[in-house]
Amino acid sequence: LAKTTQPISMDSYEGQEVNITCSHNNIATNDYITWYQQFPSQGPRFIIQGYKTKVTNEVASLFIPADRKSSTLSLPRVSLSDTAVYYCLVGDNNNDMRFGAGTRLTVKP
Amino acid sequence: GAVVSQHPSWVICKSGTSVKIECRSLDFQATTMFWYRQFPKQSLMLMATSNEGSKATYEQGVEKDKFLINHASLTLSTLTVTSAHPEDSSFYICSARQGATNSPLHFGNGTRLTVT
């Protein structure tokens, strides 16, 4: 069974903020939440990781509520080059690195 | 930053032959590496977890005798697709973790395998 649930696809326009939510109801105490970006015919690329509350880096923010059963990746002012598939991954101590279906984001001009 | 190099980036082979794909962590040591397969428009499917110095752990449904994994050093893991068939054509991606269990994965750029 997939550990995470995300919307299959999202559309946005250049300059808008995009929020992608991931559900992970069975997250374990020691699990971190990590988001990756993948372009066609490339390996995924790390975007951001968090455990609780809010994390921000130069490309994105990650919001995690107190119950940690979901997380939201926020991409500020997207551009056409942000068109990609975004995956959230919830890691556990057993090295269970299975990906969910991901969210295909399409940014339009 | 941590770099994972995967080679070759693409390969075409004839049905019945074997193909080896290399995954190297260039600037860090990786006790554990992961191998994925990805079909067009689909997510990454975990094939196996490769542990340095021990046997790989395969996911259910992945044939260990067909997909041979060797993790002989802390910087190199190899995946050999034996007796390849057209249905093995796919995009194969490796990843490695630098540091603790919860540290992010670093991915190679993938290998496009086409079996004719």
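This text follows the structure it describes.
Predicted model, so just to flag it, every value in this text is computed and none were measured.

(A) Region of the structure containing the packing of aromatic side chains. Per the counting criterion, the structure on display carries 9 aromatic pairs over all chains. For the pair Tyr-36 of chain A and Phe-99 of chain A, a centre-to-centre distance of 5.8 Å together with 50° between the ring planes defines the contact as tilted. You can see Tyr-36 of chain A sitting in strand S3 (residues 33-38) and its partner Phe-99 of chain A sitting in the loop between strand S8 (84-90) and strand S9 (103-108), a full 63 residues away along the chain. The exposure class of Tyr-36 of chain A is buried, given its relative accessible area of 1%. Owing to a relative accessible area of 10%, Phe-99 of chain A belongs among the buried residues under this scheme. Seen from their ring centres, Phe-99 of chain A and Phe-107 of chain B are 5.9 Å apart, and the 70° between their planes marks the pair as edge-to-face. Of the two residues, Phe-99 of chain A is situated in the loop between S8 and S9 and Phe-107 of chain B in strand S10 (residues 105-107); the pairing between them involves two chains. Each member of the pair, Phe-99 of chain A together with Phe-107 of chain B, is buried. Aromatic rings pair up to connect Tyr-36, Phe-46, Tyr-87 and Phe-99 of chain A together with Tyr-36 and Phe-107 of chain B into one cluster.

(B) Quick look at the sheet that holds strand S7 (residues 70-75) of chain A. Residue and element names in this part refer to chain A. Here we have 4 strands laid out as an open sheet, ordered S2-S7-S6-S5, and antiparallel in their pairing. Edge positions in the sheet fall to strand S2 (18-23) and strand S5 (53-56), since each has one partner strand and no second. For this sheet, the mean angle separating the axes of adjacent strands, direction not counted, is 15°. When S2 meets S7, the two strands line up antiparallel, connected through 6 bridges. Paired with Ile-20 across the bridge in S7 is Leu-73.

(C) Highlighting unusual backbone geometry. Residue Pro-8 of chain B is bonded to the preceding His-7 of chain B through a cis peptide linkage, with omega at 0°. Mapping Pro-8 of chain B onto the fold places it in the loop between strand S1 (4-7) and strand S2 (10-13). The phi dihedral of Arg-68 of chain A falls on the positive side, at around 60°, and the residue is not glycine. Relative to the helices and strands, Arg-68 of chain A is located in the loop between strand S6 (61-64) and S7. You will see that Lys-41 of chain B, though not glycine, has its phi angle at about 65°, which is positive. Here Lys-41 of chain B is to be found in the loop between strand S4 (32-38) and strand S5 (45-51).

(D) Examining the environment of Lys-66 of chain B more closely. All names here are of chain B. Position of Lys-66 among the secondary structure elements: in the loop between strand S6 (57-58) and strand S7 (67-73). Note on Lys-66: relative accessible area 12%, which makes it buried. Between the alpha carbons of Lys-66 and Val-81 there is a distance of 5.9 Å; along the sequence they are 15 residues apart. At 2.8 Å, the side chain of Lys-66 and the side chain of Asp-88 are in polar contact.

Procedures and definitions
- Residues numbered from 1 in each chain as written.
- Chains lettered and ligands numbered in written order.
- Predicted model: local features only at pLDDT ≥ 70, side-chain atom pairs only at ≥ 80, totals over all residues.
- Heavy atoms only, no water.
- Phe/Tyr/Trp six-rings, centres within 6.5 Å; stacked < 30°, edge-to-face > 60°.
- Helix = DSSP H or I, 4+ residues; strand = E, 2+ residues; numbered from the N terminus.
- Buried < 20%, exposed > 50% of the residue type's maximum accessible area, 1.4 Å probe, protein only.
- Pairing = 2+ DSSP bridges.
- Axes fitted to C-alpha atoms, helices over the stretch in contact; angles between N-to-C directions.
- Polar contact = N/O pair within 3.5 Å; in protein donor to acceptor, adjacent residues only side chain to side chain.

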